[in-house]
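# Coordinate analysis (summary)
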Amino acid sequence: MLEIENLEVSYGSIKALHGVSLKVPQGSIVTLIGANGAGKSTTLRAISGLIKSRSGKVKYDGEDITNLPAHKIVAKGLCHVPEGRMVFANLTVEENLRMGAYLRNDKAGVAEDLEFSFQMFPRLKERIYQAAGTMSGGEQQMLAIARAIMSKPRCLMLDEPSLGIAPMLVRSIFEQIVAINKERGITILLVEQNANLALAISKHGYVLETGNVLLEDTSEALRKNPQVREAYLGG
Amino acid sequence: MKQYQSQLALIIALAVSLGVSLCSSSIDDYYLDIMLNVGINVLLAVSLNLVNGHTGQFSLGHAAFMAVGAYGSSIVTLEMGAAMIHVFGGHGWFAEGLTFLIALSIGGLCAAICGWMVGVPSLRLRGDYLAIVTLGFNEIIRVVLQNTSGDGPFGGALGLKGIEPYTNFFWVFATAAIAIYTISALVNSTYGRGFLAVRDDEIAGESMGVNTVRYKVIAFVTGSFFAGLAGGLYAHLRTTISPEGFNFLKSVDVVVMVILGGMGSTVGVILAAVVLTVLNEFLRDFEQYRMIVFSLLLIVMMIVRPQGLLPATVFQRRKQA
Ligand SMILES: Nc1ncnc2c1ncn2[C@@H]1O[C@H](COP(=O)(O)OP(=O)(O)OP(=O)(O)O)[C@@H](O)[C@H]1O
Ligand SMILES: [Mg+2]
């Protein structure tokens, strides 16, 4: 569904990606792991059009979407939840969710998905009129994920959904990610520091190192790979 | 009924402006002048609020667009006014009104076009570029006008004089009402949620499918258009204009109104425009201390009420929803 070939990105004169290639098949969960600064967020940003790539190709559903403006890519059903849960701090929870449905015109469908979001994260319903900026980090992360769902994506890219969140809550967020994938059939590209958990819910994984794909394999194989265990799974 | 509330309010406002205008001869000239000043400043503040408040950008050159509108409309009435009135059936409220309407619109459109030319390149970037570019544009307009030939259409450093005094209560308050209506309708619509998204977080907005550059340009061009109208009204009220009247300090005045009123709160900004204009009038005898008083006011506000007089709160928006 999503195919990236030889993607190269530079920030000014510093090259952040040196030709990254990866594939995310329809209906799957694919994990992207790597050390800090490896270029994981950069990869997602380049795919979703938030930054321009220097060369390489991004194909979505067979269509070349390389360097399209971000808002056009969202319209195609590819949604990116950026790192650091960028919620609209001055808007309420509900307004944030409705912003997610910004490009949709089907009122009934939006209402249905709003219900689905609240089922998925009941905490959001309790805080429906709270300004998003005043919510806890975990709540904001839930909101960021739910808001992305509101755009009715066919493919979702999540950048470190577990960042700064208590282990208990991380587990429940991951359960919801699996549910989003299974029940709604949304393809997921997941970037995570919590490699253990991410590899447990995904089929396939890529390991990124300083802007290059170091390894790619089934998640199961990666979890057994001594090199990966050493570097990312804590031995 | 509820969905027509704002349209109804607009019609009432227009009717009231017309009514007051018809009996404006019974109002003391001094107070009438202050009221017209208030109206023009409300127009300026509300239009800048769309850019600096609702959309979260920072324009520092509102007076430049006002200048474009003032010069544009004045040149139309000075150079072609007589011919237009003749075509429209000779002197009388209809021909003069139509001429003024056309002149104002041309001034507004010129300002909007300038807004577009300044906005498109600088709004593609995030951050403070707009402030720098608009600040520069403000100076450029002023200096260019100053250096035009004294007997050309722009009148050089002395500016233009002998402009017809077409501006009256109706024109000022009808235009202000239309601006308030248009801008409120724009930001409170479903479409208008995009402005809030741009203000809150451009990256999140982009990743939700909001074309942030387009929103910023729409806000900026609309704001410039209404600033141009304000300039036209100002010119045809004062009957003389000069480049110095549209300097950087004038832009600062408007920015102060927006900040004092509470960025993004239409009611607050209107209130601030009224208060500051009236205050300005009281301080007329202390002209040289005016800026000091304004600065002190801003500092005090930042300390005791950083959100502005009447901030746009989450709760206000909830009631509207
Ligand atoms: N806006 C930027 N300007 C300059 N350099 C940047 C910018 N953003 C990222 N970089 C650099 O690009 C490289 C890759 O960064 P990226 O954010 O993609 O890493 P990451 O894999 O997501 O790391 P983390 O796990 O810490 O989030 C880093 O060396 C980083 O310093
Ligand atoms: Mg990252």
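Residues numbered from 1 in each chain as written. Chains lettered and ligands numbered in written order. Predicted model: local features only at pLDDT ≥ 70, side-chain atom pairs only at ≥ 80, totals over all residues.

This next bit is on the nonpolar core. In this structure, A146(A), L43(B), A45(B), M66(B), A67(B), A230(B) and M257(B) are the most contacted members of the largest nonpolar core, which totals 156 residues. Tallying contributions element by element places helix α9 (residues 212-238) of chain B first for this core, with 13 residues. With residues near it in sequence (within four places) discarded, A67(B) still touches I141(B), L145(B), G231(B) and F246(B). (Core = buried A, V, L, I, M, F, W, Y, C linked by C-beta atoms within 7 Å. Buried ≥ 20, exposed ≤ 12 C-beta atoms within 10 Å, placed from the backbone. Helix = DSSP H or I, 4+ residues; strand = E, 2+ residues; numbered from the N terminus. Contact = placed C-beta atoms within 7 Å.)

All names here are of chain A. The strand order across the open sheet built from four strands is β2-β1-β4-β5, with neighbouring strands paired in antiparallel fashion. In the strand order of this sheet, the two ends are held by β2 (14-24) and β5 (63-64), each with one partner. Pairing of strand β1 (residues 2-11) with strand β4 (residues 55-60) involves five bridges; the strand directions are antiparallel. Within β4, the position partnered with L2 by the bridge is Y60. (Pairing = 2+ DSSP bridges.)

A few words now on helix α5 (residues 129-146) of chain B. Residues and elements named next belong to chain B. Taking 1.5 Å per residue as the helical rise, α5 with its 18 residues ought to reach 26 Å, and the 26 Å between its terminal C-alpha atoms agrees with that figure. Along α5, the residues that are buried comprise L130, T134, F137, N138, I141, R142 and L145. End-on, the buried residues of α5 take up no more than an arc of 125°, which puts them together on one face. For α5, the exposed residues set more than 90 degrees away from the buried face come down to V143 and V144. Residues of α5 that are buried sit in contact with α3 (62-87), α4 (93-123) and α10 (248-261). (Expected span 1.5 Å × (residues − 1). Arc of directions from axis to C-beta.)

What follows concerns the interface of chain A and chain B. Residue-level contacts link 23 residues of chain A with 15 residues of chain B. Sorting the residues of the side of chain A that touches chain B by element identifies α2 (70-75) and α3 (93-100) of chain A as the ones contributing at least two each. Per element, the largest residue contribution to the side of chain A that touches chain B is four residues, and it comes from α2(A). By residue class, the composition of the side of chain A that touches chain B is 15 nonpolar, seven polar and one charged. (Nonpolar A, V, L, I, M, F, W, Y, C, P; charged D, E, K, R; others polar.)

So, about the site of ligand 1. Residue and element names in this part refer to chain A. Surveying the vicinity of ligand 1 reveals the residues Y11, I14, A16, G34, N36, G37, A38, G39, K40, S41, T42 and E83. Every element with two or more residues in the shell around ligand 1 is listed here: β2 and α1 (40-48). In the shell around ligand 1, the residues fall into four nonpolar, six polar and two charged. (Near = placed C-beta within 6 Å.)

Now for the packing of α10(B) against helix α12 (residues 290-304) of chain B. Residues and elements named next belong to chain B. Contact pair α10 / α12: the axes reach a minimum separation of 10 Å and the direction vectors enclose 25°. Relative to α12, the element α10 is oriented roughly parallel. Crossing geometry of α10 relative to α12 is assigned as left-handed. Facing V256, I259 and L260 of α10, the residues of α12 in contact are F294, L298 and M301. Split by residue class, the contact of α10 with α12 holds six nonpolar, no polar and no charged. (Axes fitted to C-alpha atoms, helices over the stretch in contact; angles between N-to-C directions. Parallel < 35°, antiparallel > 145°, perpendicular 65-115°, else oblique. Left-handed = near helix turned anticlockwise from the far one by under 90°.)

Turning next to the sheet that holds strand β9 (residues 204-209) of chain A. Residues and elements named next belong to chain A. The sheet built from six strands is open, its strands ordered β6-β7-β8-β3-β9-β10 with mixed pairing. Edge positions in the sheet fall to β6 (78-81) and β10 (212-218), since each has one partner strand and no second. Mean inter-strand twist for the sheet, computed between neighbouring axes without regard to direction, equals 15°. Where strand β3 (residues 29-34) meets strand β8 (residues 187-191), four bridges bridge the pair, whose relative direction is parallel. Each residue of the ladder has a partner; that of T31, found in β8, is L190. Against the sheet, α1 contacts β3, β6, β7 (155-159), β8 and β9, and its axis sits at roughly 150° relative to β7.

As far as function goes, none of this settles anything; it's purely spatial.
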